[in-house]
Every structure is written in C-alpha cells, then in structure tokens.
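Structural description and commentary
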Amino acid sequence: MIRKEAGLAFWLDWVAHRGGLWEDAGDTALALLPAALASELELPEETAVTADPDVAREDGALLLVTGHPVVAKAAESVLAAGDTGTLTLAAPRSVPPDAATLLSKAREHLPVDHGRLDPRADATPERALRPVLRVGALVGYELSAEDHFQEQAEVFVDVPSRLRVPPRVSECLARTGHDSRAETALPVELAAAVDYASTSRPDLAVALAEAHRMLEAAAALRRDGLAGQIGDAYAKERARAEEYYAAAVDSLERRAATASEDRAALLRARIESTREERARRLAEIATKYRARHTLTPYRLHLLRVPVLRLALDVRRGERRYPLDLDWLLPAGEFAPLRCPACAQSGAPLVAAKTHLGCARCLAPKRPTPVPAPESVPPPRDGAAAHAAASAEGAVAPVRAGATIAAGPSVARNAEAAGGAAPPSRGEAKAGRTAEASIVRAASSRPGSRPAIPGRALSPSQRRSVDPQTLHKRAFTFWEHAAGGDRRKLERLCAPDSPAAALLRLYGAAGPLYGIGVGSRERVESCSVAVFPAEGRRGWDSAGGEVRTDRGRHDYLLRWSLGPDRLIAEVLPHQSPYALNASTMMARYRPGGTEPATRLPRTRAELDPVAHLLWQRTPARHGAHLAARALASWWRLADPQALRERYPAAVLAAAAERSACYWSGVGGGGYGDAALLWQVPEADLRKAGTHLQRLLKLTQDQPW
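Residues numbered from 1 in each chain as written. Predicted model: local features only at pLDDT ≥ 70, side-chain atom pairs only at ≥ 80, totals over all residues. Heavy atoms only, no water.

1. Some thoughts on the pattern of salt bridges
Within the structure shown, the criterion is met by 37 salt bridges. Here Arg222 ties to Glu151 by a salt bridge, and the two come within 2.7 Å at their closest N and O atoms. Of this pair, Arg222 sits in helix α8 (residues 201-229) while Glu151 is found in strand β9 (residues 148-158), placing the two residues 71 residues apart along the sequence. Given a relative accessible area of 37%, Arg222 falls into the partly exposed group. When the shortest N-O distance is used, the salt bridge between Glu545 and Arg552 registers 3.6 Å. A network of salt bridges, in which partner residues are shared, links Glu146, Glu237, Arg281, Glu284 and Lys288. (Salt bridge = Lys/Arg side-chain N within 4 Å of Asp/Glu carboxyl O. Helix = DSSP H or I, 4+ residues; strand = E, 2+ residues; numbered from the N terminus. Buried < 20%, exposed > 50% of the residue type's maximum accessible area, 1.4 Å probe, protein only.)

2. Regarding the sheet that holds strand β15 (residues 356-358)
Strand order in this open sheet of three strands is β6-β14-β15, and the pairing throughout is mixed. The open sheet has two edge strands with one neighbour each: β6 (112-113) and β15. In this sheet, strand β14 (residues 349-351) lies alongside β6 in parallel orientation, the contact comprising two bridges. Counted as the bridge partner of Val112 is Leu349 from β14. (Pairing = 2+ DSSP bridges.)

3. Focus: the nonpolar core
Trp478, Leu557 and Trp633 are the most contacted members of the largest nonpolar core, which has 67 residues in total. With 10 residues, the single largest contributor to this core is helix α22 (residues 648-663). In this structure, Leu133, Val159, Ala227 and Leu295 belong to the second largest nonpolar core, which totals 25 residues. (Core = buried A, V, L, I, M, F, W, Y, C linked by side-chain atoms within 4.5 Å.)

4. Description of the confidence of the model for the protein
For the protein, per-residue confidence averages 77 on the pLDDT scale, and residues scoring 70 or more make up 78% of the total. When pLDDT is averaged over each helix and strand of the protein, the minimum, 37, is found for helix α12 (residues 410-418) and the maximum, 91, for strand β8 (residues 126-142). Contacts for the low-pLDDT stretch residues 183-198, under 50 throughout, to residues beyond four places or in other chains number 25 contacts. (pLDDT = per-residue confidence, 0-100. Contact = heavy atoms within 4.5 Å.)

5. Section: the packing of aromatic side chains
For the coordinates displayed, the defined rule picks out nine aromatic pairs. With 5.1 Å between their ring centres and 80° between their planes, Phe477 and Trp478 make a pair best called edge-to-face. Ring plane angle 70° and centroid distance 5.0 Å describe the contact between Trp478 and Tyr555, whose orientation is recorded as edge-to-face. One end of the pair, Trp478, is in helix α14 (residues 467-483); the other, Tyr555, is in strand β19 (residues 552-559), with 77 residues separating them in the sequence. Classification of Trp478 by relative accessible area gives buried; the value is 1%. Members of the aromatic cluster, joined through ring pairs, are Phe477, Trp478 and Tyr555. Taking NZ or CZ as reference, Arg504 lies 3.9 Å from the ring centre of Trp634, over its face. In this structure, Arg657 is placed above the aromatic ring of Tyr670, and the distance from its NZ or CZ to the ring centre is 4.0 Å. (Phe/Tyr/Trp six-rings, centres within 6.5 Å; stacked < 30°, edge-to-face > 60°. Lys NZ or Arg CZ within 6 Å of the ring centre and 35° of its normal.)

Below, the structure is given as structure tokens:
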C-alpha cells in the first residue's frame, strides 16, 4: 500500500540502499535512518512517512511525494553517483535454435545480391558474449524563461557495429536478468568469449561517442518540436513590443515636427534612445524564448549478451567471403551488421568479384555522358513551331497498363504551322552527319568538361528536345505513377533532384502527393501540353491536369538540362507562366509561397535536418520548395560533419533559406529565416555560407 506513490517508493528504496531500514504500517511507513543520513536530510532517525495528505494531517507523518525537497535531494544524490558497471545477461532456459534453423533465418534476414549464404565447412554455432552499451541520460529542456521540464532518454548501442539496437531488442535486453554466476566466474562454455566480450578501449570509446550523438540528435529533435508549440507566444510578445515602440516613436516624431528647434533636438534624441531600447527589448524576448537542452548522463552499463555465433561464407561462384552473424539469445534476433567494406548500414549486401560490400559502395558507376554540341542556340522560330505543335493538349487515360496513342509527327505540325516542307532523306542524312562531327569536335576539345546528369548546363549547351518525345514521356511518367511502379519512375527522374526526393519520401505516390492528389484519390486521365526551352534560362517542360475521381490537379514537369533529359521537378502549376506568376506573387506575400495540400506522413527514415524540413517547409512554402531543400541537403557528401558543427534547426533553416533565395520566392533573407526558425542569425549566416560553399547553388540549379 505504501509503495503506490512513485516518489515515496523511490525514497524508501534509496534509504534501504544507504543503510537504513523501513517497515510498512499500512498508510504510513516507519523509516530508521543512520545518523549520517539523518544529519544529511535534517530528519529524525525515526521518521514516519506517508503519501496520503489526510494521514499526514491526522497522524503527524511526513508527507513525501514526487517533488518534495527530500525526494529531490535523494534523486540528485543518485544522479551524482551514477549507475555504471558490467553485467552478463542470463541466457534463456529454452532450447536454442539449431544450425539449420539459424541458417534459414540468416538467409531470410540478410539477403545478399549476387551471392548466397552457406555454412562454413565444419563450423557449428558457438556460444559467445556480445558487448552492448546501455546509456541513459536525463534531458532538461528550457523552452522559455517559464517553461522548464525534464525527460529520461536511453539508448542501446551494439559495440562491434556501433549501431543502435532496435527498440524491440532493447526492451528484451532491459527485461533480461543478469547471470549471478558471472559475478565470480564465467560458465565453462563461455570461457573462450572473454576476450571478445571485454573489447578494447577504443571500441568502447567510439561506441560511447555514437551513443552520445544519438542522444543529442533525439534531444535536439524533441526540443525543436516542443519549441514549435510555443512559437505563438513568442510571436505575440514580439508583436506587442514592436507595436508599443512603433507607437512611441510615431508620437515622438509628430511632436518633434511641430516643436521648436531646442525642443525638437531633445525629442530626436529620445527617438534614438527609444529605438535602441526597442532593439534591446527584442533581443531579450528572443533570448527568453530560445530553446535549449542539457544532457545529464547517469547510466552506463556494458552488457554482455549471450549469443550463438554462426560462421558463414558468402559465396559467389567459387569465391567465398567469410561473414560471422550473432544470434541474440535473449531477443531472438540477429545483431546489427555494418557493411564490411564501407562501414555503412541500411543497404543490402552485394557479393562483388573482388570483395563483399553493399549496394551503396558497390553501386554501378554512371557512364560519362557525351557533351551536347556547342553550336548556335536553337532559333526562336523553331521553338515557336514546337510550342505551336503542342499547344493543343491531348487527353489520354493513365491507368496502369493502358495503351497511349502517339500524336501527330513534328514535321506534320511544323508544316501546318509555317508551311515548311519536310527535309528530304539526303538533307536529313547530311544534317545528322554534321551534327555528329560537331559532337566529336566538342568532346575532343581540350578543357571541355562532360555534363553531369541533373545539373545545369551553360546557355550555349542547351537544346530543346523533340516535343513529341516530351509528350510521350509525360504520359509515361503519370502512367507509372498511377500504377505504383517506383522502379520505372526512378529511371525517368534525375538523381539528386526534387523529383527523386519525392520518390524517396513516398515512393511512386510522391509525384502525385507533390501536386496535391490525395491518398484516397484514383487517377483516371491526364492532359499534356509541351513547352520547349526558349532563351538563355529556358527549361523543357510539360504541363496540364491530372484528373482523378474527385477533381483536377495542375502539374508541370521540368526536364533536367543535361544530355540524359531526365525529369528534375514535379510542380503544382499548369504552365511555366503560372509558375512565374506564382513565384512573383510569393515575393510580396508575407508567408512565402502558397502552401500545398496537407501531405501524409512519410515512412522514410529521415535524419533530424530532413525531418525538420519536411515537417515545416511544405506548410510555409509548398511541397516543391521543400523538395528542393531536401534535394540539396541529400546531395551533401558528408552531412554528419555539418550536424556535428551546427544544430539541426540551424541547418534546416539554412537549407530552406537557400532554396527560397535561389528560387526567387519570399523568405530568402537571413533575418526572416532566423525569426521564423527561432535560431541565432549569426549561426544561420555561418551555416548558410558553409552550405553554399559545398552545394554551389545558382538560379539555374536551386537545389
């Protein structure tokens, strides 16, 4: 009965740990404190305690509940002492799986591309101990001068792989009791695993640093989410202060305009002092609502987890690559595994001809594309003919598996528009020969650089694609999106582009979500109108409507400027002119661009910066601006180095500001971005300069 209240139960356990005794008397408990402990707590050696206010009032017992100074002092004592040690977990009493079962589970858990898992010759599963770090910390959040609270955070990190243990496995490890026999000696069958389980200090140091990074990242993400909840209070207080000082300055200026020369000089001095006081007050408000967090570590356990070690070979033909897998007996799962080649995680293993790696480090290299001919840009009359050829948008169904009829040829449209006759076979052959010679000359010219897929080319390299080709590609794109074929969509989209970012977030449904199609809408048909590139900053694009069973949604596909001609963006506009008008209006709209339809929650694994960008940017500037910011962030070669140097909120604010600035929409100033994200402007400028140095964004390449 007496242990129902958590604060009192904790205090009684702490008293017993410090050498005291206590006896349960129903509604009260009689605690016998050692002399030193009684002096430390300033309590009698015999103290009656209770958690019931009525009992404390009638019987004169000490009321101890969570938040009482005596309980808080006990908690501070425990946190100061810490909880460290090494524990050997007990193996379950159930019969462990045999070698054949483990091999079957290993093949199901770890598929290897171009390879097969086979047991090593004369190798049976061996018992061993695998080290796992359990790190706990108390996280204190300070959201404003009045909002303070604390939370408990804990993380389990596998020492050999330095990866976080999945939540289900960590819960099993936390519930597993320790092996009492390991306090004096290890079991005979585990004697060979002592060296492996004790690990070296560098391994433990690296794993501990990784655990601290995980705790910091989780705490920063939680802090930023909580800070967003009090953003209205900050905005209201700042607005009141600005309104007050604006009225004061306006009153002084009106008085100075009609006052004498001596009086006007005094009033102007008061105006300057009022403006300085306004700046100080706004800085105080920003400091008051600046979110912070602190980590207080209190637990560090090195867990020795009993495992069955399975010695395997990854076979590719006659080649064999050794690989050891550990089956965690308390959890019934395999331990985390990193790529043996690049030490990364999350990608499937691949058995190459020379070594064992993963799909990330053994990805096939893209062939170097041939540069586009650097001849005279396409004439405006040709582009006008192309535009006239596709001005009348065709409508066709885009259901999965539907057959799309090809439109009229380009030559026929050009002849109808301008009256020009189609070229003869000899003229066409001569034109192709001349164009091929130009390409060879451009590729052999010293100092010429190959174009990068998805990146902007110089104006002299841009060439408009055949409108009929763009017409077919647009239909094909929406057909695959409606059919849910992500693999074919990835072939059509440029890597490291906003279109690829939408696919990474939602799979094949990403382009549909990007133009406002709901998750329950069914695509029925679409219309296509092609807009060929024209001018120095033109993009080949196709626009129209995607029609569903619930309405119509405008779209605009933009192709990359490289020779691959892959789709770079999916925009919620019907034409380039509508996009330009929306961008121009956004410069004068206080909230940025017009927000898109509310997007569903993504199942993709996002780092803290990407999570903040996708959580906040679509509501402010629309999904296409958020996709540009994410594409630029995911294009970084080493984002971890930036996350170690700058807070996640600062990096997210810098990425959003860069996307807005180079896209020419509102919200591209450092001051506005710092106020919107509630981050220091000086840190934002440093992070923004650092990002620009790495990404080299331009108006032609705003991601």
